[in-house]
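The residues making up each chain are set out below.
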Amino acid sequence: QSALTQPASVSGSPGQSIAISCTGTSSDVGRSNSVSWYQQHPGKAPKLMIYDVTDRPSGVSNRFSGSKSGNTASLTISGLQAEDEADYYCCSYTDSTVGVYVFGTGTKVTVL
Amino acid sequence: EVQLVESGGGLVQSGGSLRLSCAASGLAFSNFWMSWVRQAPGKGLEWVANINQDGSQKYHVDSVKGRFTISRDNAKNSVYLQLDSLRVEDTAVYYCARYCCGSGTSFGYWGQGTLVSVSS
């Protein structure tokens, strides 16, 4: 049950696009369609941004999109805005042990 | 609107116990899996445990197996986490979360969290 690997930090200027990677194994990200992404501002609870690899909950901006290739999932934020500055975490269901989930290490997004 | 409110956190000595509670409002609590997720100070999120709709299936992360136990009471719209044999490394904010969306395997609703501090 090792954490999924994310870059510690990603930065971009307003209006730019950035991508955050989330690398796992063939037991979790690689064979799961249950990959989700969460945004967390300081002192706040996480917020679901993407579920089932590519889908957005109602109310989440379409500037956020998700994808997956092999053992790596990605979150792309287009048209970067100041309010996007936050920590982002991926999460995957893992088939290695029934019922178990694993989060990513987290990425700090900075808007320059 | 779904609301989750955690309670029961506090300061406890190593080896002690606490019982966390999460009260849910909104429709159909008994239709969903529930989960606990924790976050140590300055660290990332860690999934801790989940429980199915009728409480017959429970799963815990390896690091808490045998020490923590998740349970629920659908009549009270509540989910619980019993924390025994606490260690300093269990110090964290503990969030209650409800699954949602599509395959039902994402944490769509979160509480505000309750802080557990374990001293040596």
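Everything numeric here is computed off the predicted structure, so don't read it as measured data.

## Things to note about the nonpolar core
Phase 1: With 44 residues, the main nonpolar core has A:Phe103, B:Trp36, B:Leu81 and B:Phe107 as its most contacted residues.
Phase 2: Per element, the largest residue contribution to this core is 7 residues, and it comes from strand E9 (residues 92-100) of chain B.
Phase 3: In contact with A:Phe103, other than residues within four places in its own chain, are A:Ala3, A:Leu4, A:Tyr38, A:Tyr89, A:Cys90, A:Cys91, B:Val37, B:Leu45, B:Glu46, B:Trp47, B:Phe107 and B:Trp110.
Phase 4: Core analysis: the next-biggest nonpolar cluster, separate from the first, contains 23 residues, A:Val35, A:Ile50, A:Phe64 and A:Val109 among them.

## A few points about the packing of aromatic side chains
Phase 1: Overall, the coordinates contain 14 aromatic pairs over all chains when judged by the stated rule.
Phase 2: Consider the rings of A:Tyr93 and A:Tyr101, whose centres lie 5.2 Å apart with planes at 75°: the pair is edge-to-face.
Phase 3: Taking the relative accessible area as the measure of exposure, A:Tyr93 reaches 21% and is therefore partly exposed.
Phase 4: Residue A:Tyr101 is classed as buried on the basis of its relative accessible area of 7%.
Phase 5: Through a chain of ring-to-ring contacts, the aromatic side chains of A:Tyr38, A:Tyr93, A:Tyr101, A:Phe103, B:Trp47, B:Tyr95, B:Tyr99, B:Phe107 and B:Trp110 assemble into a single cluster.
Phase 6: Note that B:Arg72 overlies the ring of B:Phe29, its terminal NZ or CZ placed 4.5 Å from the centroid.

## Considerations on the sheet that holds strand E7 (residues 68-73) of chain B
All names here are of chain B.
Phase 1: If you walk across this open sheet you meet the 4 strands as E1-E3-E8-E7, and the pairing is antiparallel. Of all the strands in the sheet, the pair left with one neighbour each is strand E1 (3-7) and E7. Between one strand and the next, the sheet's axes are offset by a mean angle of 15°, whatever the strand orientation.
Phase 2: Pairing geometry for strand E3 (residues 18-25) and strand E8 (residues 78-83), over 6 bridges, is antiparallel. If you follow alanine 23 over to E8, its bridge partner there is serine 78.

## What to know about empty space enclosed by the protein
All names here are of chain B.
Phase 1: All chains considered together, the criterion is met by 1 cavity of 30 Å³ or more.
Phase 2: In this structure, the largest cavity occupies an estimated 40 Å³ of space.
Phase 3: Along its surface, the largest cavity is lined by Val2, Ala24, Ser25, Gly26, Leu27, Ala28, Phe29 and Arg98.
Phase 4: Residues that form the lining of the largest cavity fall into these classes: 5 nonpolar, 2 polar and 1 charged.

## Focus: the side chain of B:Arg72
Residue and element names in this part refer to chain B.
Phase 1: In this fold, arginine 72 is placed in strand E7.
Phase 2: No salt bridge forms around the buried arginine 72; measuring N to O, its nearest opposite-charge neighbour aspartate 54 is 7.5 Å away.
Phase 3: Of the polar contacts made by the side chain of arginine 72, one reaches the backbone oxygen of phenylalanine 29; its length is 3.0 Å.
Phase 4: Reaching out from arginine 72, the side chain makes a polar contact with the backbone oxygen of glutamine 53 at a distance of 3.4 Å.
Phase 5: Not counting residues up to four positions away in its chain, the partners in contact with arginine 72 are Phe29, Ser30, Phe32, Trp33, Met34, Ile51, Asn52, Gln53, Gly55, Ser78, Val79 and Tyr80.

## Notes on the interface of chain A and chain B
Phase 1: In this complex, chain A contributes 18 residues to the contact, which on the side of chain B involves 23 residues.
Phase 2: Buried surface at the junction of chain A and chain B, summed over both partners, amounts to about 1700 Å²; 59% is from carbon and sulfur atoms.
Phase 3: For the interface between chain A and chain B, the tally reads 0 salt bridges.
Phase 4: The interface formed by chain A and chain B includes 5 residue pairs in polar contact (both at pLDDT 80 or more).
Phase 5: Put simply, the parts of the chain that give the side of chain A that touches chain B at least two residues each are strand E3 (35-40), strand E7 (86-94) and strand E8 (100-103) of chain A.

What counts as what
Residues numbered from 1 in each chain as written. Chains lettered and ligands numbered in written order. Predicted model: local features only at pLDDT ≥ 70, side-chain atom pairs only at ≥ 80, totals over all residues. Heavy atoms only, no water. Core = buried A, V, L, I, M, F, W, Y, C linked by side-chain atoms within 4.5 Å. Buried < 20%, exposed > 50% of the residue type's maximum accessible area, 1.4 Å probe, protein only. Helix = DSSP H or I, 4+ residues; strand = E, 2+ residues; numbered from the N terminus. Contact = heavy atoms within 4.5 Å. Phe/Tyr/Trp six-rings, centres within 6.5 Å; stacked < 30°, edge-to-face > 60°. Lys NZ or Arg CZ within 6 Å of the ring centre and 35° of its normal. Pairing = 2+ DSSP bridges. Axes fitted to C-alpha atoms, helices over the stretch in contact; angles between N-to-C directions. 1 Å grid on protein atoms, 1.4 Å probe; cavity = no way out; pocket = protein on both sides within 12 Å on 5 of 7 lines; lining within 4 Å. Points joined across faces, edges and corners; volume = space filled by probe spheres on them. Nonpolar A, V, L, I, M, F, W, Y, C, P; charged D, E, K, R; others polar. Lys, Arg positive; Asp, Glu negative; His and termini not counted. Salt bridge = Lys/Arg side-chain N within 4 Å of Asp/Glu carboxyl O. Polar contact = N/O pair within 3.5 Å; in protein donor to acceptor, adjacent residues only side chain to side chain. Buried area = accessible area lost by both parts, 1.4 Å probe.

Take it as geometry only, folks, not as evidence of what the structure does.
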